[in-house]
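Chain by chain, the residues run as shown.
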Protein chains: 2
Amino acid sequence: MKIETVLSPSLFSQIENLEDKVVVVIDILRATSTITTILANGASAVIPVREESIAKEYKAKGYLVGGERGGETIVGFDFGNSPFQYRPEIVKGQEIVLTTTNGTKCIEMSAHAYQVVIGSFLNLDKVVEHINYLNKDSVLFCAGWKDKVNLEDSLFAGAVACSFMDKELDDSTLLCIDAYNAAKGNLFKALQNSNHFQRLASKGVTKDIEYCCETNMIDSVGVLKEGKIILGS
Amino acid sequence: MKIETVLSPSLFSQIENLEDKVVVVIDILRATSTITTILANGASAVIPVREESIAKEYKAKGYLVGGERGGETIVGFDFGNSPFQYRPEIVKGQEIVLTTTNGTKCIEMSAHAYQVVIGSFLNLDKVVEHINYLNKDSVLFCAGWKDKVNLEDSLFAGAVACSFMDKELDDSTLLCIDAYNAAKGNLFKALQNSNHFQRLASKGVTKDIEYCCETNMIDSVGVLKEGKIILGS
């Protein structure tokens, strides 16, 4: 098994034979943490859409729709990108439509992979277990921020890859493992200097960040099946 | 002062206002380590050229010419990319022409920067001192391997950035700092799993790698001036 890490969507085209690989999409702050939470809170599926206009079409059809651009909730949508908004009593049994700046773009870019898996610290061990279960070459795909590398996604890639030290690892993966080993003692503190932390903290969502840094609170994993993210087996 | 790190040439276009920034080009194995060595061994300049054909024109004019493609010495050239080949008694007082797979490409890409500086572990402290002396926003530009991120260049970016913890750092820089902090106790060991190490070790150049991991053996720094790399003040 080979593990590769893509540190920015701008580097995703370097991945060869995508159709034979598992892609773990990583957008820790906050899309993939939020998707993991929505499913854990009982939604039957999350429908990721790249374009705001398509999300609006779903909204017109009566779907519950969430979305942000540049970290701000889209006007007229039911939710933003904060995991706390998707409460169990609202999302249970529903299909939730979600569009975000970086995360949903990466899900769409990965759609032709063998399988797309949604990664977050919230279900880290479950993500590792699922990769082991699938037993295929895997790509840890960091969504970053507007095509730039970001720290939190890279550290999560390192956190996953730590469980695959006996596999073939590319240099991006080794870099993330080293960084995670230095940061894991206090992830929240490590992220305090990051650009995205400062961007979000200025919007008053520090408690979202604290939540997204928590590890193994959720014992399920989302996977993409026919355009919808559902719980994987 | 702001410090940004470019982890792959594919991400270099994200840098804005290049003309106002210092760019440290980093190709630890081996171009920038070799250039630093050539200058320390008394060459009057290193002329970096991107195309093999141009290097051959220099050769025809009587210059000493070094170069590799894919890690192999170009046939008919005086040197490959091993720092040990450029002995003082051969290079002293000479202008040496050099073309390599990744490093010289990045030097050319950076040519419009405020200043281009050649980085290596061999003269780490001198690179830091020179950035401080210039006192401008700076870009740590990792050459990588064929546009892929590599470990040794990223760790060097972290090694430099450690001296600028009080400056504005982008997330790529924070990632490299974390990784360097985990690896610095034994850099050579940290690199043993890297893809480039294995590629070079298979060619029998382990002693080149050991040399390129040595820190602060050289007390000078190369800078690009009118197309030639000379010793900076």
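Residues numbered from 1 in each chain as written. Chains lettered and ligands numbered in written order. Predicted model: local features only at pLDDT ≥ 70, side-chain atom pairs only at ≥ 80, totals over all residues. Heavy atoms only, no water.

The next point concerns the packing of aromatic side chains. Inspection of the entire model under this criterion finds 12 aromatic pairs over all chains. With centroids separated by 4.2 Å and ring planes inclined at 15°, the aromatic side chains of F12 of chain A and F141 of chain A adopt a geometry described as stacked. Highlighted residues: F12 of chain A in the loop between β1 (2-6) and β2 (22-26) and F141 of chain A in strand β8 (residues 138-142), separated in sequence by 129 residues. F141 of chain A gets classed as buried once you look at its relative accessible area, which sits at 0%. Their ring planes at 90° and their centres at 4.9 Å tell us that Y58 of chain B and Y63 of chain B sit as a pair that is edge-to-face. When its relative accessible area of 25% is taken as the criterion, Y63 of chain B is described as partly exposed. Across from the ring centre of Y58 of chain B, 5.1 Å away, lies the NZ or CZ of K61 of chain B, which sits over that ring. (Phe/Tyr/Trp six-rings, centres within 6.5 Å; stacked < 30°, edge-to-face > 60°. Helix = DSSP H or I, 4+ residues; strand = E, 2+ residues; numbered from the N terminus. Buried < 20%, exposed > 50% of the residue type's maximum accessible area, 1.4 Å probe, protein only. Lys NZ or Arg CZ within 6 Å of the ring centre and 35° of its normal.)

All right, on to unusual backbone geometry then. Cis geometry is found at the peptide bond from L29 of chain A to R30 of chain A, where omega equals 5°. Within the secondary structure layout, R30 of chain A lies in the loop between β2 and α1 (31-40). In this structure, K146 of chain B takes a positive phi of about 50° despite not being glycine. The topology assignment puts K146 of chain B in the loop between β8 (138-142) and α6 (151-161). Owing to a relative accessible area of 52%, K146 of chain B belongs among the exposed residues under this scheme.

This paragraph deals with the nonpolar core. Counting residues in each nonpolar core, the largest one holds 152 residues, and the members touching the most others are L7, L140 and V160 of chain A together with L7, L140 and V160 of chain B. Apart from the residues within four sequence positions on either side, V160 of chain B is in contact with L124, V127, V128, I131 and L140 of chain B. (Core = buried A, V, L, I, M, F, W, Y, C linked by side-chain atoms within 4.5 Å. Contact = heavy atoms within 4.5 Å.)

The next point concerns the relation of the copies chain B and chain A. Mapping chain B onto chain A calls for a rotation angle of 180° and an axial translation of 0.0 Å; the resulting RMSD is 0.0 Å. A rotation of that kind, with that shift, is consistent with a two-fold axis. Looking at the rotation axis and the C-alpha trace of chain B, the residue lying nearest is A179 of chain B, at 2.0 Å. Both copies share a contact surface, since 100% of the interface residues of chain B are interface residues in chain A too. (Least-squares fit on C-alpha atoms with pLDDT ≥ 70 in both.)

Moving on: the confidence of the model for chain A. With 100% of its residues at a pLDDT of 70 or more, chain A has an overall mean of 94. Two numbers describe this predicted complex: its pTM, 0.95, and its ipTM, 0.94. (pLDDT = per-residue confidence, 0-100.)

A separate point is helix α7 (residues 171-183) of chain B. With 13 residues, α7 of chain B extends 18 Å between its outermost C-alpha atoms, agreeing within 8% with the 18 Å of an ideal straight helix rising 1.5 Å per residue. Among the 13 residues of α7 of chain B, 11 are classified as buried, and the element is accordingly described as predominantly covered. (Expected span 1.5 Å × (residues − 1).)

All names here are of chain A. Relative to the assigned elements, S82 resides in the loop between β5 (72-73) and α3 (88-91). On the accessibility criterion, S82 (11% relative accessible area) is buried. Contact partners of S82, with chain neighbours within four places excluded, come to R30, T34 and D208.

Taken together, the contact pairs 27 residues of chain B with 27 residues of chain A. Among the residues of chain B in contact with chain A, Q14, D171 and L175 of chain B are the three that bury the most area, contributing 29% of the side total. Viewed at the interface, chain A and chain B are joined by eight residue pairs in polar contact (both at pLDDT 80 or more). Counting residues per element, the ones that place at least two in the side of chain B that touches chain A are α6, α7 and α9 (195-201) of chain B. Among the residues forming the side of chain B that touches chain A, the class breakdown is 11 nonpolar, 10 polar and six charged. (Buried area = accessible area lost by both parts, 1.4 Å probe. Polar contact = N/O pair within 3.5 Å; in protein donor to acceptor, adjacent residues only side chain to side chain. Nonpolar A, V, L, I, M, F, W, Y, C, P; charged D, E, K, R; others polar.)

Residue and element names in this part refer to chain A. If you trace the backbone, T101 turns up in the loop between β6 (95-99) and α4 (103-109). At 2.9 Å, the side chain of T101 and the side chain of E68 are in polar contact. Ignoring sequence-local partners within four residues, the contact set of T101 consists of E68, R69, G70, G71 and K146.

Between two packed helices, both the angle of their axes relative to each other and the distance between the axes serve to describe the pair. Residue and element names in this part refer to chain A. Where helix α5 (residues 124-134) contacts helix α6 (residues 151-161), the two axes come as close as 9 Å, and the packing angle between them is 55°. As the angle between them shows, α5 and α6 are arranged oblique. When you trace α5 past α6, the crossing you get is right-handed. Across from L124, V127, V128 and I131 in α5, the residues of α6 making contact are F156, A159 and V160. Taken together, the residues that form the contact of α5 with α6 break down as seven nonpolar, no polar and no charged. (Axes fitted to C-alpha atoms, helices over the stretch in contact; angles between N-to-C directions. Parallel < 35°, antiparallel > 145°, perpendicular 65-115°, else oblique. Left-handed = near helix turned anticlockwise from the far one by under 90°.)

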